[in-house]
Amino acid sequence: MTSLAPSWTPLSGASHAVALDVLINGPLSRAELARRLELSAASLTRLAGPLVEAGLLVEVGPRNGGSGNGDTRIGRPERLLDVVPTSHHFIGIKLTADTAYGVLTTLRAEEVASEHLPLTDRDPRAVVQVVADLVTHLRRHGPAVTAVSISLGGLAADHSIVTAAPFLQWADVPFGRMVEELTGLPTVVENDLIALTEAEHWFGAGRGLDRFAVLTVGAGVGYGLVVRGHQIASPDAGLGLIGHVPLDPAGPTCFAGHRGCSTAMLTMPSIAAAASVALRRRVGYDEVLDLAVAGDPAATRIVADSGRALGRLIALAANFTMPERVVIGGEGVRLVDVARAEIDEALAEDRDPQASRMPIVVLPGSFTQWARGAAVIAIQTYVLGAG
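Residues numbered from 1 in each chain as written. Predicted model: local features only at pLDDT ≥ 70, side-chain atom pairs only at ≥ 80, totals over all residues. Heavy atoms only, no water.

K.L.:
Explain the overall build of the protein chain to me, please; I cannot follow it from the model alone.
P.N.:
When helices and strands are counted, the protein chain shows 13 helices and 15 strands. Taking 2.2 N^0.38 as the reference for a compact globule, 387 residues should give roughly 21 Å; the C-alpha atoms of the protein chain span a radius of gyration of 23 Å, in line with that estimate. Seen through its principal axes, the protein chain has C-alpha atoms that stretch 70 × 55 × 35 Å. Here the protein chain holds 387 residues, and 49% of them are scored as buried. Taking the contacts inside the protein chain whose residues are at least 6 apart along the sequence as the reference set, 62% of them involve residues at least 24 apart. Accessible surface for the protein chain amounts to roughly 17600 Å². Of this, 54% is attributable to carbon and sulfur atoms. Within the protein chain, one finds 31 positive and 40 negative side-chain charges whose respective centroids are separated by 3 Å. (Helix = DSSP H or I, 4+ residues; strand = E, 2+ residues; numbered from the N terminus. Rg over C-alpha atoms; globule rule 2.2 N^0.38 Å. Buried < 20%, exposed > 50% of the residue type's maximum accessible area, 1.4 Å probe, protein only. Contact = heavy atoms within 4.5 Å. Areas by Shrake-Rupley, 256 points an atom, 1.4 Å probe, with all protein chains shown as cover. Lys, Arg positive; Asp, Glu negative; His and termini not counted. Charge placed at Lys NZ, Arg CZ, Asp CG, Glu CD.)

K.L.:
Sorry if this is basic, but what is going on with the side chain of Ser276 here?
P.N.:
With respect to the helices, strands and loops of the structure, Ser276 is situated in helix α8 (residues 268-279). The contacts of Ser276, once residues within four sequence positions are left out, are Arg281, Arg282 and Val283.

K.L.:
Can you walk me through the nonpolar core in this structure?
P.N.:
In globular proteins that are soluble, nonpolar side chains generally tend to be buried together. Counting residues in each nonpolar core, the largest one holds 34 residues, and the members touching the most others are Leu266, Leu310, Ile314 and Leu335. At the level of elements, β11 (211-217), α7 (262-266), α8, α9 (285-294), α10 (297-321), β14 (326-329), α11 (334-338) and α12 (340-349) are the ones that each hand at least two residues to this core. Ranked by residue count, the leading element in this core is α10, at nine residues. When residues no more than four places from it in sequence are discounted, the contact partners of Leu335 are Leu266, Ile271, Tyr285, Leu289, Val303, Ser306, Gly307, Leu310, Arg340 and Ile343. Core analysis: the second largest hydrophobic core is formed by 31 residues, Leu23, Phe90, Phe203 and Val376 among them. (Core = buried A, V, L, I, M, F, W, Y, C linked by side-chain atoms within 4.5 Å.)

This is how it looks when you write it as structure tokens:
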């Protein structure tokens, strides 16, 4: 990006709505865009013209005419409106207890490059330096960067202050300002689950849906919900409230003393710990899954129990919030592949036989996926702050 890249800053009102709809759902024909925004053809032409002239929107195509909703009728070719995804770039960084994972994306959250660096010191000043180094590495991939976003497990206030981050043992750290001062780039901070859910909302499996849910399994268990185009938010988001939902009355006990809760049944540390006790040696999460695939009796039982617990959790989410789709992500998501039969069995048991089939989308289990979620928060802050 150069200084001549089109800016969203002057946009407001209907012009902003046009550009935003094209960003999230484009490319779109003028007719389809007018229908989506309930505008007349004349109003859409009046609004889109200056956006094209400014370079914020471009004409692409053509394609044959049609409604854009499965209408394949051959008609007069029409040109579509789209953004230029490479006109702006963003950096998203996901912090864990020991690593900073970063990704450079386009305006539409398409990955350009990814890097990661270890966190050998959890002091906020040391972590800020690692983040700044990661930003420097990612900026070497060419384009100028519009903004940075950091996501982490915990609570963030005002997109700037980390009020609580248990994995990093932080409280009330003005991390956004610290990163901004060192990098010189606008920086926002957000809970990692909120960020991942927004990424699926705008550019992923939840795009265009009225209601969808996100479940994550990894170091913890998370739950996000989008209803009528808005993520359901709360000051308690980031506390991992779904982590102690009871799933198996005969299950193991979590650190808080809850028996058979989602933390005890589904997190990677809990699954690895259960297998380590059963096998009388230390085993890691992926080894447990490998052993289950190979038919080891203890690992097979542990993984099957976890699969049934995950199926029950999906059913609870479906029964209470009635999403159109459930998206499952997180670094422990391989459990879905290994225990899919048990997941489906428990889901069927806990759903009414006449209930609609619940579509499930499984995300890649990489930390890059979390970092991309952070980048989407930077994108949203930039484009929504313009409206």
